[in-house]
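# Inside the fold
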Amino acid sequence: MGKLSFKSLMSAFAVAFLVWCISCEVCNAREVTNRRSGTAAAATTDDSTAESSLWLWRGPWRTPYFPLPPFPYYRPGTDAPDTKSATSTNGKANPTATPNTPSQTGTATNTSSQTHTNASPTNATGITDTTGGANTSSFTNTSGITNTTGSANTTSITNTTGTKQVYCLQCASFGAKGDGNTDDTKAFQDAWAASCNEEASTMVVPANYVFLVGPISFVGEHCQENIILQLDGTVVAPTDPQAWGDDGIDRWLHFDKLSRFTLQGSGTVDGRGSVWWHRSQSEDLNDDLFDVDDDADVEMDYEDEDIQAKDELSSMPRNKPTAMRFDHCLNVTFSGIKIQNSPNFHLTFDHCTGVHVHDMSISSPGDSPNTDGIHLGNSQDVTIHDATLACGDDCISIVSGCSNIHIHDVHCGPGHGISIGSLGKDHSRACVHNITVQNVDLHGTTNGVRIKSWQGGTGTVYGVKFSNVRVSEVRWPIIIDQYYCDHTTCTNQSSAVAVQSIAYEKISGTYTERPVDLACSDSVPCEDITLSAIDLRPSSQKPPSHDDGPFCWQTFGQLNTPISPPIDCVQIRTRSSNGVGSGQDLC
């Protein structure tokens, strides 16, 4: 062969180079096409494939390949797309989505049905934020995914499909500090206002924080339904008198006109009531608002830390607030919360229908005045179960207007037991019916199960059943008192709230004062009182006495064996005249 000229060699090299360039561009075009089309091969690449996909083999050298932005292209000088806005329509993860940056303000849209788990406590989008920056984006969720993060990165979440949305009090936009000293009332109001406008939203009070909150109302009159308040942190009441006004206020955390509302969590509501309790016993503890039992024999302890509370008391308002109060609510669930040290009642439901209270607890000292555990008034269809109640007054009190109440699996003590009443005060009309109390334990309480009414009232209590009640060291396990009076003296009156169709079944345990005390009205006696399987024994700490036996007055009904001790004072017949069926209000 002849020698090749230099010109021939250069021509051959140019042709080879041209062929090589054309082949590279074909590879690049195929790579870009695959990335745009979102094929399964590109969507399911593993880590190693994902790594090599950023490089194309171009001869003996590995040349970096920089992928083009998703279609449509964005030219320099225009707003660059948010790389977090990768859309997946095939139920798979989009491999082009990149970590969020502190300045992103785009919209993340997910149209898949796949469930995403958020592994980062600082991101509510399911996309891990590796920058540590604040995320101020407004995210749209169209995938049916529930956002449940309780982090500081959930300030604004837009819901377009009815899924649950979270409004966290730790967000900077709401301003809660959670340090126990800063007033976070405004933050609670703002978080509620945001949650109120979203159906099925969740307002989160995060754990490991203490929120100082003054008197506040969560009003639901114009709110959406199915709102959840997830209370996992601690909420404390202020002890500064100025927070309550000159005359005080009768509620602290107020829930009004809510429908299909749930309050749940593992948090604590602390009323810090000791600054209200220790008033001088010579003062009137606001008789117009509060019902204090004269059988409590309360002796206040003014030693140690109570001395400071006593000194602070002089400036506290006279009216004491209820810790948590529900008014005019429909279908409410309350679970998991611990309420402690309320200045007055702990938890009340008034004019409510469809209430479910379970797996919760209440705790206050046994000598704290008027600290009823759960108080029901004018409410229907209420269920209370699996609750531990310790307080200074009735563990559960049921007053006029209540019906269809079911209480079971409740532990009470200390306290004044489970009471229906007081009823008929100031000549008022009282109606209570269809009450069931079963499978309850009472330890160290002043009363067991009790019905109490004032003289001069009207109305009726009927259809009440106390079943499988276990008492331990209880002063009076079974009580009907139609002469109830919390003053030194009360005037005898002829009218009374009628009591009829009351059943006591399987009441057992020990008592310290008297096993049965049925004090019924002369003009309106108790009718159809049934006692079955009663087994009450004197406490081993108290020797029996003849004067401490069962007591009955104007009580008519029947006894079903076994009965211990014998209750001979019940008149085994139905009163034929001047009774409930003779001109009395049967409600």
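Note that the structure is a prediction, hence the values are computed from the model and not measured.

## Quick look at the overall build of the chain
Counting secondary structure elements, the chain contains six helices and 34 strands. Intrachain contacts of the chain at a sequence separation of at least 6 include 73% that bridge at least 24 residues. Looking at the chain as shown, the accessible area adds up to about 27,800 Å², and 51% of this sits on carbon and sulfur atoms.

## Things to note about the side chain of Ser397
Mapping Ser397 onto the fold places it in strand 23 (residues 396-398). Side-chain polar atoms of Ser397 contact the side chain of Asp372, separated by 3.1 Å. Side chain to side chain, Ser397 and His375 meet in a polar contact 2.6 Å long. If sequence neighbours within four positions are ignored, Ser397 has contacts with Asp372, Ile374, His375, Leu376, Ser419 and Gly421.

## Considerations on the sheet that holds strand 25 (residues 418-423)
An order of 10-13-16-19-21-23-25-27-29-31-33 is seen for the eleven strands of this open sheet, with the pairing classed as parallel. A single partner strand is all that each edge strand has here, and the edge strands are strand 10 (216-219) and strand 33 (551-553). Adjacent strand axes in the sheet meet at a mean angle of 15°, parallel and antiparallel pairs treated alike. Alignment of strand 31 (residues 516-519) against strand 33, held across three bridges, turns out to be parallel.

## Describing the nonpolar core
Counting 102 residues, the largest nonpolar core has Phe326, Phe466 and Tyr504 as the members making the most contacts within it. Residues within four places of Phe326 in sequence aside, it is in contact with Phe255, Phe261, Leu263, Val332, Phe334, Leu347, Thr348, Phe349, Asp350 and Cys352.

## What about the confidence of the model for the chain?
Put simply, the chain has an average pLDDT of 76, and 65% of its residues get 70 or more. Of the regions scoring below 50 in pLDDT, residues 35-162 engages in 183 contacts with residues more than four places distant in sequence or in other chains. Here residues 576-583 scores under 50 on pLDDT; set against residues more than four positions off or in separate chains, the count is nine contacts.

## Description of the state of the cysteines
On inspection of all chains with the given rule, the structure shows five disulfides. Here Cys520 connects covalently by a disulfide to Cys526, the sulfurs 1.9 Å from one another. Around the S-S axis, the bridge from Cys520 to Cys526 shows a dihedral of about -100° and counts as left-handed. The two residues Cys520 and Cys526 agree in class, both being buried. In this model, Cys552 is linked to Cys569 through a disulfide, with the two sulfur atoms separated by 1.9 Å. Taken as a pair, Cys552 in strand 33 and Cys569 in the segment after strand 34 (555-564) lie far apart in primary sequence, 17 residues in all. Cys352 carries a free sulfur, and the closest cysteine sulfur to it, the one in Cys329, is 4.5 Å from it.

## Overview of the pattern of salt bridges
Inspection of every chain in the model, using the stated rule, returns twelve salt bridges. Where Arg325 meets Asp250, a salt bridge forms, and the shortest distance between an N and an O atom there is 3.0 Å. Placement of the pair is Arg325 in strand 16 (residues 322-327) and Asp250 in the loop between strand 12 (234-236) and strand 13 (251-256), with a sequence separation of 75 residues. Asp250 sits in the partly exposed class, given a relative accessible area of 31%. Here the residues in one salt-bridge network are Asp250, Arg251, Arg325 and Asp327, joined through shared partners.

## Topic: helix 4 (residues 185-196)
Side chains three or four residues apart in an α-helix point the same way, a direct result of the helix having 3.6 residues per turn. The terminal C-alpha atoms of helix 4, which comprises twelve residues, lie 16 Å apart, in line with the 16 Å expected from a rise of 1.5 Å per residue. Of the residues making up helix 4, those classed as buried are Thr185, Ala187, Phe188, Ala191, Trp192, Ser195 and Cys196. Angularly, the buried residues of helix 4 cover 165° about the axis, an arc narrow enough to put them on a single face.

## Details of the environment of Ala323
On the secondary structure map, Ala323 appears in strand 16. In the structure, Ala323 is positioned 48 residues away from Thr371 in sequence and 9.6 Å away in space, judged by C-alpha atoms. Sequence-distant contacts of Ala323, defined by excluding residues within four places in its chain, comprise Trp252, Leu253, Ile339, Ser342, Phe345 and His346.

## Some details on the packing of aromatic side chains
All told, the structure shown has twelve aromatic pairs when counted by the stated rule. Ring centres of Tyr209 and Phe211 lie 6.1 Å apart, and the angle between their planes is 35°; on these two criteria the pair is classed as tilted. On the basis of relative accessibility, which here comes to 0%, the residue Phe211 falls in the buried class. Aromatic rings pair up to connect Trp192, Phe218, Phe255, Phe261, Phe326, Phe334 and Phe349 into one cluster.

## As for unusual backbone geometry
Apart from glycine, the bulk of residues carry a negative phi angle, and the bulk of peptide bonds sit in the trans form. Cis geometry is adopted by the peptide bond preceding Pro562, which originates at Thr561 and carries an omega value of 0°. Inspection of the secondary structure puts Pro562 in strand 34. Pro565 follows Ser564 through a cis peptide bond whose omega is 0°. The topology assignment puts Pro565 in the segment after strand 34. For Asn341, which is not a glycine, the phi torsion comes out positive at approximately 55°. Residue position: Asn341 is located in the loop between strand 18 (338-340) and strand 19 (347-350).

## Considering the pairing of strand 13
The side chains of a regular strand alternate, first on one face of the sheet and then on the other. Across the six residues of strand 13, five count as buried, placing the element largely inside the fold. For strand 10 and strand 13, the ladder comprises four bridges, and the chain directions are parallel. Among the inter-strand pairings, Ser217 is bridged to a residue of strand 13, identified as His254. Examined bridge by bridge, strand 13 and strand 16 share five bridges and lie parallel to one another. From the neighbouring strand, Phe255 faces strand 16, where its bridge partner is Phe326.

The rules we used
- Residues numbered from 1 in each chain as written.
- Predicted model: local features only at pLDDT ≥ 70, side-chain atom pairs only at ≥ 80, totals over all residues.
- Heavy atoms only, no water.
- Helix = DSSP H or I, 4+ residues; strand = E, 2+ residues; numbered from the N terminus.
- Contact = heavy atoms within 4.5 Å.
- Areas by Shrake-Rupley, 256 points an atom, 1.4 Å probe, with all protein chains shown as cover.
- Polar contact = N/O pair within 3.5 Å; in protein donor to acceptor, adjacent residues only side chain to side chain.
- Pairing = 2+ DSSP bridges.
- Axes fitted to C-alpha atoms, helices over the stretch in contact; angles between N-to-C directions.
- Core = buried A, V, L, I, M, F, W, Y, C linked by side-chain atoms within 4.5 Å.
- Buried < 20%, exposed > 50% of the residue type's maximum accessible area, 1.4 Å probe, protein only.
- pLDDT = per-residue confidence, 0-100.
- Disulfide = S-S within 2.5 Å.
- Salt bridge = Lys/Arg side-chain N within 4 Å of Asp/Glu carboxyl O.
- Expected span 1.5 Å × (residues − 1).
- Arc of directions from axis to C-beta.
- Phe/Tyr/Trp six-rings, centres within 6.5 Å; stacked < 30°, edge-to-face > 60°.

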